[in-house]
Every structure is written in C-alpha cells, then in structure tokens.
Amino acid sequence: MDNSLEHILAPALSERRAAHRYRHRRVLETPQLPELVVDGKSYQAFCSNDYLGLANHPAVIKRLQSAAEHFGVGSGASHLVNGHSSEHHALEEELAAFCGRERALLFSTGYMANFGAITALVGQGDAVFEDRLNHASLLDAGLLSSARFQRFLHNDLDNLQTRLEKTEAARKLIVVDGVFSMDGDFAPLPQLAQLAQQHNAWLMVDDAHGFGCFGQRGGGTAEHFGLTQAQLPILMGTLGKAFGTFGAFIAGSEVLIETLIQFARPYIYTTAMPPAVAAATRTSLQLLQQESWRREHLQQLIVHFRRGAAEIGLQLLYSASPIQPIILGDEARALAFSEELAARGFLVIAIRPPTVPVGSSRLRVTLSAAHSVAQVDALLNALTDINNKVRA
Ligand SMILES: *Cc1c(COP(=O)(O)O)cnc(C)c1O
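Residues numbered from 1 in each chain as written. Predicted model: local features only at pLDDT ≥ 70, side-chain atom pairs only at ≥ 80, totals over all residues. Heavy atoms only, no water.

Caption draft 1: Expanded view of the overall build of the protein. A tally of regular secondary structure across the protein gives 15 helices and 13 strands. By the compact-globule yardstick of 21 Å for 392 residues, the protein fits well, its C-alpha radius of gyration being 21 Å. Principal-axis analysis of the C-alpha atoms places the extent of the protein at approximately 60 × 55 × 55 Å. Taking all 392 residues of the protein together, 54% fall into the buried category. (Helix = DSSP H or I, 4+ residues; strand = E, 2+ residues; numbered from the N terminus. Rg over C-alpha atoms; globule rule 2.2 N^0.38 Å. Buried < 20%, exposed > 50% of the residue type's maximum accessible area, 1.4 Å probe, protein only.)

Caption draft 2: The arrangement of the packing of aromatic side chains in detail. Inspection of the entire model under this criterion finds eight aromatic pairs. Plain terms: the ring middles of Phe46 and Phe346 are 6.5 Å apart, the flat faces sit at 35° to each other, and that makes the pair tilted. Here Phe346 lies in strand 11 (residues 346-347) and Phe46 lies in the loop between strand 2 (41-45) and helix 2 (58-71), a separation of 300 residues in the sequence. Grouping residues by exposure puts Phe46 and Phe346 together as buried. Here the aromatic cluster, defined as three or more aromatic residues joined through ring pairs, consists of Phe98, Phe211, Phe243 and Phe249. (Phe/Tyr/Trp six-rings, centres within 6.5 Å; stacked < 30°, edge-to-face > 60°.)

Caption draft 3: Highlighting the pairing of strand 1 (residues 35-38). Here strand 1 shows a buried face lined by Leu36 and Val38 and an unburied face lined by Glu35 and Val37. Strand direction decides the pairing type here: strand 1 and strand 2, joined by four bridges, are antiparallel. The residue bridging Val38 from the neighbouring strand is Lys41, located in strand 2. Linkage of strand 1 to strand 2, two consecutive antiparallel strands, is achieved through a turn of two residues, within which Asp39 is found at a positive phi near 45°. (Pairing = 2+ DSSP bridges.)

Caption draft 4: Local environment of the packing of helix 5 (residues 110-121) against helix 6 (residues 136-144). Remark: helix 5 packs on helix 6, axes separated minimally by 9 Å, with the N-to-C direction vectors making an angle of 30°. Accordingly, the angle class assigned to the pair helix 5 and helix 6 is roughly parallel. Considering the relative orientation of helix 5 and helix 6, their crossing is right-handed. Contacts from Tyr111, Asn114, Phe115, Ile118 and Thr119 of helix 5 reach helix 6 at Ser137, Leu138, Asp140, Ala141, Gly142 and Leu144. Taken together, the residues of the contact of helix 5 with helix 6 sort by class into six nonpolar, four polar and one charged. (Axes fitted to C-alpha atoms, helices over the stretch in contact; angles between N-to-C directions. Parallel < 35°, antiparallel > 145°, perpendicular 65-115°, else oblique. Left-handed = near helix turned anticlockwise from the far one by under 90°. Contact = heavy atoms within 4.5 Å. Nonpolar A, V, L, I, M, F, W, Y, C, P; charged D, E, K, R; others polar.)

Caption draft 5: Representation of the packing of helix 4 (residues 86-99) against helix 12 (residues 275-290). With their axes 8 Å apart at the nearest point, helix 4 and helix 12 run at an angle of 25° to one another. Classed by the angle they form, the pair helix 4 and helix 12 counts as roughly parallel. In this structure, helix 4 meets helix 12 at a crossing whose hand is left-handed. Here Glu87, His88, Ala90, Leu91, Glu94, Leu95 and Phe98 of helix 4 come into contact with helix 12, specifically with Pro275, Ala278, Ala279, Thr281, Arg282, Leu285, Leu288 and Gln289. Residue composition of the contact of helix 4 with helix 12, grouped by class: nine nonpolar, three polar and three charged.

Caption draft 6: Spotlight on the domain arrangement of the protein. Annotation of the protein at the domain level lists domain 1 (25-56 + 292-391) and domain 2 (58-290). Taken over C-alpha atoms, the centre of domain 1 sits 27 Å from the centre of domain 2. Listed by partner, the interface residues are 26 residues for domain 1 and 28 residues for domain 2. Of the roughly 1,900 Å² buried between domain 1 and domain 2, counting both surfaces, carbon and sulfur atoms make up 59%. Along the contact surface separating domain 1 from domain 2 lie one salt bridge. In this structure, Arg362 and Asp183 form a salt bridge, with 2.7 Å as the shortest nitrogen-oxygen distance. Viewed at the interface, domain 2 and domain 1 are joined by ten residue pairs in polar contact (both at pLDDT 80 or more). Listed by contribution, the elements that provide at least two residues to the side of domain 1 that touches domain 2 are helix 13 (293-312), strand 10 (323-329) and strand 13 (361-366). Tallying contributions element by element places helix 13 first for the side of domain 1 that touches domain 2, with four residues. (Domains from an automatic or database assignment. Buried area = accessible area lost by both parts, 1.4 Å probe. Salt bridge = Lys/Arg side-chain N within 4 Å of Asp/Glu carboxyl O. Polar contact = N/O pair within 3.5 Å; in protein donor to acceptor, adjacent residues only side chain to side chain.)

Given below as structure tokens:
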C-alpha cells in the first residue's frame, strides 16, 4: 500500500484537470495596469480589481515610499502588541469618518476581516443567513462559526424572510456582498435593512467591490443607498481593490469595534499590515473622495461596454458595476473563449466551478478607470471576431 503524500493527493488533481477546472498561475512582470506583460507576453488586461487605477497612482506610490523611509517595512508585531502605528490609527479614524460610522478597524486582508467579524459575532445557538452567491470568505466564516448556517436564494427577499420567520436563534446575522463578486449585481440593501429590523437581525455587508466605485464620494453601496449605522451596523470594505493598496476594514459602532478587538481571532493573532501600506491607503482615500472623475469615467466605460456587448449578442448579466461577466456555459467553452482572446492580445480570465455554479462558466470582464474607450472598443472588436468564429 502506497501511503505517500503524492500517491494520495494526485487523483484529485487528475480529476480537476479532466473536468477543465485546473487552475494555473500566470506570472505578472509589470505593474497592474491595463497594458501588462504576463508569462513574457504583452496583453491588454480586463481582469484586475484595481477599479479606479489607484494601484499605480504616483501620489500613492510616493506616500508608500516616504512612509517606509520613516517606519521601515514590516510592522513587526500585531496591533495588540506594539504593531499599531500612528498611520494605522489615522487611517482607521479617516475610514470611520468617510463611512459615517463611529469607529473602523483595520484587518490585514478582507478574508480575515470577514472571518474575524462573523466568528466573533455569532456562535452556538445563533443563526447566520447568507446569500448563496456570497464571497467564499463569508461562506467559510459562516460555516465555521458554529452558528446555524443557512444560505438563501440569490437576492431573494421572500426566501430570506421565510427563513427568518422560522428561526428561534438567539442572535441572527444576515450577510451579503454589496456588489456580488462574480455576477456584478447589487444586493437590495434598503430592503434587507428593513427585513433585518423587522426580525431583530443584524445586517453585515461586504462591500469589497462597491467601495470607491459607487456613492457620491465613493463610499460604496452604503453611501449609494444612504444607509446609516443603525440600518447597516456591520460594514466591511477592502483596500486591495478600488483603493489600490492592501488590507481591509470593518466600520460600525464603538461597541462593535471593541468587541472585534477583544474577540476576533484573525484580528488578534496576526501581524499588522505594514504602516507604509496604511499611509499609502490614506492617500488613496483622499484621491477617491476628491476626484470623482474616475468614477464618472468608469461609469461611461460600463455603459459603453454593455451597449457594445449587447450588439454582438453576448449574454451579459444585469450588472451596473465594473464586473461584467459574459456567461458561456461549460468550462471548456469559457476556457476556449479566454484562449481566443489571449491569442488576440487580451487577458480575460475564465471563471469556472466551484467559484461559480455548474453551467455558468464565464469570462469575468472587469473595467477600470485606467482603461480608455479605445481599449474597450478593441476588446469589443476581438469579442465580435471570436463570437463569429465560434458560431461559424
Ligand atoms: C476580494 C474579496 C474579499 C477578500 O479580500 P482580500 O483583501 O483580497 O482578502 C472579500 N470579499 C469579497 C466580496 C471580495 O471580492
């Protein structure tokens, strides 16, 4: 009997390959920009989450550099030991003010913020209700929280209501993405907030794809819908997407934030993000509030792309966000489309199960304020060409 690690692990890899679900990493050799080089080849890329093009903004880079001159690179400790720098602290205060919340708390990643918040807020005897298309980090946290974990149908308020009416749990937590990461649509947040209030449940929104992109000042879906701290008590945002840096935060009441500091294990038992990253994020936050032209340009690109894709006859989802998935069906078809695009110099990633439901493999096109209209037109031309070829 061969009990070696390799012998036991290999069959799952073969199965994944046979199902066209094998994942490969590409090696990026340039900054994350619309024109980049991966694996030695140049592409126009439509797959980054750097929605506002801030990851390479000169002022953000300069701030990172100057803060590193002052603080060095590593934070050297967790926030509760002595890794909580004045830059972290100032960023938290600015994020709280930006979100109209009492406090904000930085986490090293969005995955950890979701994990930390959900597991600190609910446990045995409680219930957590999640949209079935929620991000993996939210689903994982719900599953591991020891609370009764229920998934409701995507954006289906009736389905959620039925579940809320049946539960006898002590604490009830409703969790959704503000903008769904693989579909690009919004959650019906005002209605969810109302439902939460009717049922004495708490609402948590992960706005990883909404922050920076929506709302008058870029405050995300919470600002877009005008939801207060009372209506939306647990607000989570990430800094690695529209903010162009790294990390995440939770914003809410004083008591919420103190609870997370005391009880959220992924907050407590990890090294603080580098202070220079927090400093650079402060510059991103300023740019994002002061310069609305990036959001306006991005909206124009979204409308332009949707109009063009509809003319070609591609199947888009109902999305007003920079996430514009083209649904292609099975894994092989999505991969073939992605490869045809790559051959024409466009990098768009095929998203397959288990990330999305079986039969809904897709190209996840993402737009950024760093793209030009001409670049979007070039992508549309390539898609027309491939669509004709595939149909012929
Ligand atoms: C990217 C993402 C996360 C994870 O954030 P990281 O900072 O990358 O760990 C969480 N939720 C959603 C919806 C995301 O898209």
